[in-house]
Structure formats: C-alpha cells, structure tokens
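The primary structure of each chain is shown beneath.
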Amino acid sequence: MDDLPLSDLDAFTAVARERSFRAAARKRGVSASSLSEALRRLEERLGVRLLHRTTRSVTPTEAGERLLERLGPALGEVAAALDKLRDSEDSPGGTLRLNVPIVVARVIMPSIVGRFMKQYPGIRLEIIAEDNFIDVLAAGFDAGVRYDESLAKDMIAVPLGPRTQRFVTTASPAYLKTNGVPQHPRDLLDHKCIRHRFKSGSTALWEFEKGDETITISPPAYLASDSLDLEVSAAVQGLGIIRGFEDFVTPGIATGELVAILEDWESTFPGPFLYYASRRLIPAPLKAFVDFLRAEQRRTSGT
C-alpha cells in the first residue's frame, strides 16, 4: 500500500470533510466526476468502503472515519512542507559552490558577489579560485566559470561579467629605456618576458591581432609564475615584459609604473561564462544565481 497516490487520499479527505462531491470539487477547483473516480480507485486498492453514498448524502463509513482522523494531520503536514518549499523558492536558502579561474575571482566576482548576496541574503556562497581545468561537478561544485574555449559542449552557459575583455602588453619605463621598445610582436622573442604558468605546467601562448592579421608566439620565459600578483610586481621592478588581462596592469599604467606597448596589436576576447549541467531542475541557490546573472546582462545591455 506504500504506492497509494497522494492525490487520491487528498480527494477522499476533501469529500469526507465536505460531505459532498460537488462542494469538495468547487473547493478544489476540479470536477466532481474526477473526485468520484479517485474514491473508486482508492476503495478498490484498499478493499474497504470509505464513504456511504446516496443521492442525498455522502458520509464516511466507520473505516472512513478512522482513516480521516489519521489522514487529516498527515496531509496538513504535507501541505505545510510544500508551502515552505514554495516560500524557499521566493527567498531561496542553502549553499552555492562555484569554481572560478583566479583572474575572474580577482577582477569580476567581487562586485557580482556583493550585489547577489544583498539580493539573496539566505544563500551561503563558497567560491574556490583556481586555474586547473577540473570536472567541477565531480568535485562537488554546483557550477563553474570558464572562458568559451574551455566550455564543455553538454553544459548550459550563461554570460558572466563584461562581454569583452582585453589582453595588453606592458613593461616598466626603466626596462624599456634599457632594452628598447618592441615595435612588432616578434620583437618580443629577443626580450625578457614574464609568463604565466598554470598549475598543470602549461604556459599560455601570446596571441596578437591587428586588423585581419593574427600572430601567435611563445617567447622565452625569463620569469614564469602561477601568481599574477608576483608577475605584475616583477614587471613594475623592470624585470621584463608582461602580457595579460588589462584589469591587472591598469593600476600600474595609471601610476606610470608600467607603460603600454604594442597598443595597435592588442587583442580582445569574449568574457567568461557560468556553466552548469543541463537538467530540468536545478538547486534553488544556483537557479537564483542564474536568474541574477541574466538580469544583470539585461541591465547592462539595456534590453
């Protein structure tokens, strides 16, 4: 009997309390015939008559009275639980775990996190910043943030943050005075360069664009590190030329500690995406974050 439909039990409770199929149907917003069919199924499954039915009245049998006495509180608890669940959808709680690249955690997430958590104070947020391309779902994360070239094809992607970002090339005035100013990307092959190395051991190539021309080089790494802060500091100290996210070197350019070079070869690329597994139902905290990001994109794009 553990597979009895809850809807049939609820139909019995409604009719037994109202002492009328029509009155119960009006209250439930269904047809009287559907309630009658539900009672027929329930009595057949139980092998017990639950209601006395005549053309003038509907009253519970002795067995029906006993069942109604036990079902009433139980169905009330179920209704309360469903109401609480609906309330949680309007004001979701729980934990949202995100895996994001270090650069995204540094330059994009801070402002997003502040606005999101003020809008959804019941959600606890855990953000792990790393550059390893892990399986975020297998690692226990609800979603990850990646750039387009790293997105798995079977995932849903939602734009996060600015839709266009730039790579820029910079060096300190002292370095350029001593070593000269490169005029072409290939000139970098003869310079001391500061390269970013991921924890996997790979080093990103340097790609330059000018009009329809694209040049990709892998200059020798005079200094290689997985610390963006250390790389920028090294460039400020005159140890070499650095190329990376504009957001990281903008403060140094503003103070004059760094100078932008090869500006006509700066390249742009699409901003990052939040991605998560394609499925019909997603956890309430993740759904809230997805809705928040989509609203942010509409706000910034003016649509």
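Refer to the structure presented above.
This one's a predicted model, so the numbers in the text were calculated from it and none came from an experiment.

Draft legend 1. Structural context of the overall build of the protein chain. The secondary structure content of the protein chain amounts to 10 helices and 15 strands. The proportion of buried residues among the 303 residues of the protein chain is 40%. The contacts of the protein chain with a sequence gap of at least 6 include a subset with a gap of at least 24, amounting to 74%. With an accessible surface of roughly 17000 Å², the protein chain has 52% of that area assigned to carbon and sulfur atoms.

Draft legend 2. Highlighting the pattern of salt bridges. All chains considered together, the criterion is met by 13 salt bridges. One salt bridge in this structure joins Asp-8 and Arg-41, with 2.6 Å as the shortest N-O distance. Here Asp-8, found in helix α1 (residues 6-18), pairs with Arg-41, found in helix α3 (residues 32-46); they are 33 residues apart in sequence, far enough to count as distant. Look at Asp-8 and you get buried, because its relative accessible area is 3%. Here Asp-291 makes a salt bridge to Lys-287, at a shortest N to O gap of 3.0 Å. Taken together, the residues span about one helical turn, with Asp-291 and Lys-287 both in helix α10 (residues 284-301) at a distance of 4 residues. Within the structure, one salt-bridge network assembled from shared partners comprises Glu-37, Arg-40 and Glu-44.

Draft legend 3. Expanded view of the packing of helix α6 (residues 109-119) against α10. Packing of α6 against α10 brings their axes to within 11 Å, and their N-to-C directions diverge by 115°. The chirality of how α6 crosses α10 is right-handed. Contacts between α6 and α10 involve Met-109, Ile-112, Arg-115, Phe-116 and Gln-119 on the former and, on the latter, Pro-285, Ala-288, Phe-289, Phe-292, Leu-293, Glu-296 and Arg-299. When its residues are assigned to classes, the contact of α6 with α10 shows 8 nonpolar, 1 polar and 3 charged.

Draft legend 4. Inspection of the pairing of strand β3 (residues 94-100) at higher detail. Strand direction decides the pairing type here: β3 and strand β4 (residues 123-129), joined by 7 bridges, are parallel. From the neighbouring strand, Arg-97 faces β4, where its bridge partner is Glu-126. Sheet analysis places β3 next to strand β5 (residues 143-146), joined by 2 bridges and oriented parallel. Paired with Leu-98 across the strands is Ala-143, a residue of β5.

Draft legend 5. Summary view of unusual backbone geometry. Positive phi outside glycine occurs at Arg-19, with the angle close to 60°. Within the element layout of this structure, Arg-19 appears in the loop between α1 and α2 (21-28). Located in the positive-phi region is Leu-262, a residue other than glycine, with phi close to 50°. Relative to the helices and strands, Leu-262 resides in the loop between β13 (259-261) and β14 (267-270).

Cut-offs used in this document
- Residues numbered from 1 in each chain as written.
- Predicted model: local features only at pLDDT ≥ 70, side-chain atom pairs only at ≥ 80, totals over all residues.
- Heavy atoms only, no water.
- Helix = DSSP H or I, 4+ residues; strand = E, 2+ residues; numbered from the N terminus.
- Buried < 20%, exposed > 50% of the residue type's maximum accessible area, 1.4 Å probe, protein only.
- Contact = heavy atoms within 4.5 Å.
- Areas by Shrake-Rupley, 256 points an atom, 1.4 Å probe, with all protein chains shown as cover.
- Salt bridge = Lys/Arg side-chain N within 4 Å of Asp/Glu carboxyl O.
- Axes fitted to C-alpha atoms, helices over the stretch in contact; angles between N-to-C directions.
- Left-handed = near helix turned anticlockwise from the far one by under 90°.
- Nonpolar A, V, L, I, M, F, W, Y, C, P; charged D, E, K, R; others polar.
- Pairing = 2+ DSSP bridges.

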